[in-house]
Amino acid sequence: MKKLLHIILSIGLIVFLSSCSPKDSYEQLKKTNPQHDIYYQIFVRSFADSNDDGIGDLNGITENLDYLSDLGVTALWLLPIHPSPSYHGYDVMDYLDIHPEYGTMDDFERLLDAANDEGIKIVMDLVINHTSDQHPWYIDAQSSTSATYHDYYVWQNGNAYESFVGGMKDLNFENQDVIDEVESIMDFYLEKGVHGFRIDAAKHLIESTNPTFDNTFLLLELNQHIKENYPDSFIVSEVFEYFYPMVADYFIGSDSAFNFYAAQQIWDKVGKLNSRYLFVSNLHKVYETYRDINPDFIDSPFLTNHDLDRLASTPGFMNEPEKLALAARILLTLPGTPFIYYGEELGMKGYRDYSQDGQIIPGYGIAYDEFRRTPFLWGDDSKNTTWFPDLMNLETPTSADQKLDETSLFMAYKEIIALRKDNPALMFGNDFLPYGDNNGQIQGYIRSYQDENVKQAVIVIHNLSSDTYTLDIDFGNVIFGSKEMEAFATIIIEIDYEDIEVYA
Ligand SMILES: [Ca+2]
Ligand SMILES: [Ca+2]
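Q: Quick rundown of the sheet that holds strand β9 (residues 234-237)? Include the residues and the values.
A: The sheet built from 8 strands is open, its strands ordered β11-β10-β9-β8-β3-β2-β1-β12 with parallel pairing. Strands with a single pairing partner mark the edges of an open sheet, and in this sheet they are β11 (298-300) and β12 (339-341). On average, adjacent strands in this sheet sit at an angle of 25° to one another, irrespective of strand direction. For strand β3 (residues 121-126) and strand β8 (residues 196-199), the ladder comprises 4 bridges, and the chain directions are parallel. Residue pairing for β8: aspartate 125 is matched across the bridge by arginine 198. Of the strands in this sheet, β2 (75-78) and β3 touch helix α6 (residues 105-117), which is tilted by about 140° from β3.

Written out as structure tokens, the structure reads:
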């Protein structure tokens, strides 16, 4: 009888332990870590066209959420969707309306609902450093120094200040009315179900002698405002800055900030293979700097974005499919909320030629950053956008092609995204320790996660070389890759949480 009881208890214990296995816990852990997501950055104009006018639109995203679910992303960052005189939308004419080429507010609400049904959140671009010179506030403001909205803008010698040239007029955040306007815009969209905001041009917000201090405390004020009613909401700041100590201060007011330094490290160490032995220790330094400012920092790593050349057009990555896949595996195994720029999962090409002051494109006009923002390659004329004639991706395999090819970059992205979601150390962990046996060829790091119910540790090791490498280890459980590492391969090994210090 005693033996039977022992067996029953043992089975019970096994069932209990397996029910707590890290791999089963994604949905549960997601609830306790609501800000941890895998983002996909969409330029709406280029993503998917629903009504055959050649311009991407909100319904195009709604109709193609299955593509994003299949890829495995859990959140979207939409570039500006408001009325604007420019093709890119970073000069807003009305924050409370939708660009007519992109659809209507009803379309946006339908997208939010449909995305919510798929478990996909939406973060909006909040462009508040400046408005368009066609915004009604500015039209009034410039009419007279005594106009109602005159103090909404920053004036220098009678002219409205522009951080960025081209009719983008800087808002005046010394004026509490402007802060109140921004807070009501944020409330408007949070009420509709938006998860949060990407703060455009965060380091330009306030013109002062100590802008970093002033900007981060402005962001803190905005963030505290939205957290009152939406405690899980998310603010990620764009501090376009490779000098990471300056970015670190923004973790006071923001939940997250883009890691331009880490992107640069990937271009340099993985692309150009420069000083590879420093790769992981450099990343570790950034995370420790951020941790000092805010122990709960959430990093936002990325490989490229709409302001940068695409990775497949970056030196060291051109015609190097193994390196593009390695960069994806690095991005998706770093702490925080990785951001994937649309089309990177296909290896789309695109770069701005700075040797020319704009290029004349027949049938379009003069183009600058458009080359980095070209139509997504569906391989399906019913979805493809055609607003810009893209000559750089005539040979790039489309998403339709790549879904059928097990060796495609799309499949590599899909595989590592799924692995991240299956492993709390990768998806939710914030710890990052250099692997103890790093050298000039292999660079690894230990990622871990612990709460009351779950703990997990993994070692991620990348071969930053075109030579094979045999990893001489006899510990842990290989959950990805192989100890016989091919050129630019990755191996991920699960270890006992208690052994982290042994391998650090
Ligand atoms: Ca359209
Ligand atoms: Ca400003």
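Q: Describe the packing of aromatic side chains, and please don't skip the residues or the numbers.
A: Taken as a whole and judged by the stated rule, the model has 45 aromatic pairs. Relative to tyrosine 445, the ring of phenylalanine 432 lies with its centre 4.8 Å away and its plane at 25°, an arrangement referred to as stacked. With phenylalanine 432 in strand β15 (residues 431-434) and tyrosine 445 in strand β16 (residues 442-450), this residue pair connects regions lying 13 residues apart in the sequence. No difference in accessibility class separates phenylalanine 432 from tyrosine 445, as the two residues are buried. Every member of this aromatic cluster is reached through a ring pair, and the members are Tyr39, Trp77, Phe234, Phe240, Tyr242, Phe258, Phe260, Trp267, Phe302 and Phe339. Directly above the aromatic system of phenylalanine 188 lies the positively charged group of lysine 192, at a separation of 4.6 Å from the ring centroid.

Cut-offs applied
Residues numbered from 1 in each chain as written. Chains lettered and ligands numbered in written order. Predicted model: local features only at pLDDT ≥ 70, side-chain atom pairs only at ≥ 80, totals over all residues. Heavy atoms only, no water. Pairing = 2+ DSSP bridges. Helix = DSSP H or I, 4+ residues; strand = E, 2+ residues; numbered from the N terminus. Axes fitted to C-alpha atoms, helices over the stretch in contact; angles between N-to-C directions. Contact = heavy atoms within 4.5 Å. Phe/Tyr/Trp six-rings, centres within 6.5 Å; stacked < 30°, edge-to-face > 60°. Buried < 20%, exposed > 50% of the residue type's maximum accessible area, 1.4 Å probe, protein only. Lys NZ or Arg CZ within 6 Å of the ring centre and 35° of its normal.

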